[in-house]
Amino acid sequence: MKNKVIALLILLLITNSMPIWAGDSDYSIGNEIQKEEFPESEDVEPTSPTFVIKGGVEEVTDINLEECLRCALGNNPRIQAALQDVFASDARIKQAWSAYFPQFSWQTGYTRIKQLQLSDALGRNLIFNYYVLGQITASQMLYDFGVTQNIATIRKLDNQGYKIMLTGTVNDVVCEVKKAYYNLQYALEAKKVAQEMVLRYEAFYNQAKGFYVAGTSPKVDVTIAEVNLSNSKLMLIQAENAVEIAMAKLNNAMGLPYSNRYNISDNLKYNPCDITLTEAIDVARESRPEFQLAEVKVEEARQNVKLVKKSYFPQLTVEGQYQIGGRSFTSNYGYNVGSYLNFPTINGMLIRNEIKEAKALHSREQAQASNTKNNIYYEIQQAFYSMVEKKNSIPVSFLGLKQAKENYDLSYGRYKVGVGNPVELKEAQVQYQNAMLQYYNSLYQFNSARADLEKYIGKNLANGEVQLDSQQNNLNTKKRSKKKS
């Protein structure tokens, strides 16, 4: 019985392992494209549900970099916050000067007094009712030996510092918007590359399917082409999502995260920039906000030293007072007028150490100003050389794109006439796709490096030259003419 079971199992294994052509099945399997195994190219793309937002209208408009910058300057909350700091510091200047304005006060009240000492001396309680219908006091500070002036000067320097920080915030926002704009341009170009690759892989798929129908290529070629087409469509979905993320990033940089959809009116391109490193450093000395802010902080610390040294000085004031009241609200009146030289309470050890502290802070600000200037020089050099590197990589990447395109055309031509193989064509397509992305990435990297350099020098670069004042432009023109002569 055991031997019969083993023989039956061996018979079943032999029957199941026989080739298809040995039975009564369809002989065309493996020699004809099956719709279930190899669908049409448009059927390979995954289906996605369509979402409809009721009551929402999408307005598609065209926008360029200049309009994006204008929107950012008017809507970015960081700029609005920095602007309010400027307004607040301006009000603090007026608060400092208010010490020279007269001060008025009004007082009214009722007081019931029992004199303890007189009551014991006289042997009876002495209780007084004291009424004040009104007491008007007016005082005017005449001179405080420069204390108020020093405070106002410090507040002015503080206001100047906030204005410089506002300029720095604007520079940061402008740089952020530019880089986000260039990133969106790159994402759009990458989307176009992905769309082109889908079309090329569809052509590859249809060609492989035609060869297979004709019997000149194996079934694996169609499988490879189908996988490549599916991957290209997946990359297209990712590229479309990258465009949405890049647009959201640009909207956030502009301060308009809920803005309607729009189109970019220009493409990613090379904008020449011929500024030298020496010119960039010269411009930064005049225009870089952090450079100016460092000098303002040093001067503010110096003024604070002068202010602390005046802690010994008195204050000259004049004061007048008029009162009406007494046993009843109108029983009597009185007044006094006088001028006073009020000396502060002096603690020599405290004031001496406050002066030492102010001097140390002044020295610290000087050291930090030097460090800030050194960092600015380093940032400019780094941004400049990075921009030069990206600039030099553009023609190299363009040459690589041209060579990859020629290689792809040759590979596709070989495959169309039946000489090439799908692996060779796939490698050529991948190289061509990477070359296109590398070229557009080189343009994006150059424009981003240029935006960084503009941020670090504190000036925009237009048409390859620095936007300076008319006098500075004339000076640069004279320098260049001398060099040419």
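Here the residue numbers are simple positions, counted from 1 along each chain's written sequence. Restriction of local features to residues with pLDDT of at least 70 applies here, the model being predicted, together with a cutoff of 80 or more for giving and counting side-chain atom pairs; totals for whole chains, interfaces and linings are based on all residues. Computation of side-chain values covers all heavy atoms of the structure but excludes hydrogens and water.

Peer 1: What's the story with the overall build of the protein in this structure? I'm lost.
Peer 2: Starting at the N terminus, helices and strands are each numbered in turn, a helix being any DSSP run of H or I of at least four residues and a strand any DSSP run of E of at least two. Across its full length, the protein carries twelve helices and eight strands. When checking whether two residues touch, look at their non-hydrogen atoms; a contact exists if any pair is within 4.5 Å. Looking at the protein alone, contacts between residues at least 24 apart form 81% of all its contacts between residues at least 6 apart. Total accessible area on the protein is roughly 30,200 Å²; 55% of this is exposed by carbon and sulfur atoms. Only the protein chains shown count as cover for residues, and all accessible areas are computed by the Shrake-Rupley method using a 1.4 Å probe.

Peer 1: What is the right way to look at the sheet that holds strand β3 (residues 127-143) in this model?
Peer 2: Within a sheet, neighbouring strands are paired by backbone hydrogen bonds and run either parallel or antiparallel to one another. DSSP calls a pair of strands paired once it identifies at least 2 bridges connecting them. Strand order in this open sheet of four strands is β2-β3-β5-β6, and the pairing throughout is antiparallel. At either margin of the open sheet sits one strand with a lone partner, and together these are β2 (103-114) and β6 (332-342). Across this sheet, the average inter-strand angle for adjacent strands is 20°, counted without regard to direction. Bridge count between β3 and strand β5 (residues 315-326): eleven bridges; the pairing is antiparallel. Bridging from a neighbouring strand, Q135 pairs with Q323 of β5. Lines fitted to the C-alpha atoms define the axes, with helices restricted to the stretch that makes contact. Angles between their N-to-C directions range from 0 to 180 degrees.

Peer 1: What exactly am I supposed to notice about unusual backbone geometry here?
Peer 2: Excluding glycine, residues mostly have negative phi values, and the peptide bonds linking residues are mostly trans. Positive phi, close to 60°, is recorded for F145, a residue that is not glycine. One can find F145 in the loop between β3 and α6 (147-214).

Peer 1: Honestly, the side chain of S442 in this entry has me stumped. Any pointers?
Peer 2: Positionally, S442 belongs in helix α11 (residues 422-457). For S442, the residues in contact, after removing those within four places along its chain, are S393, I394 and S397.

Peer 1: Would you take a moment to explain helix α10 (residues 348-416) for this structure?
Peer 2: Here α10 spans 98 Å end to end across 69 residues, near enough to the 102 Å set by a 1.5 Å rise per residue. I394 marks where α10 bends most, by close to 25°; the proline P395 follows one to four residues later. Count one or two residues on from α10 and you reach G418, which has phi positive near 85°. How far a helix is expected to stretch is found by multiplying one less than its residue total by 1.5 Å. By definition, a residue's bend is the angle between the axes fitted to the seven residues ending there and the seven starting there.

Peer 1: Honestly, the confidence of the model for the protein in this entry has me stumped. Any pointers?
Peer 2: When pLDDT is low, close inspection of the predicted coordinates is not appropriate. A score between 0 and 100, pLDDT records how confident the predictor is in each residue. The share of residues in the protein with pLDDT of 70 or more is 81%, and the mean pLDDT across the chain is 80. The low-confidence segment residues 44-60, where pLDDT is below 50, has twelve contacts with residues more than four positions distant or belonging to other chains. Under a pLDDT of 50 for its full length, residues 463-485 has, in the predicted model, 24 contacts with residues more than four places off or in other chains.

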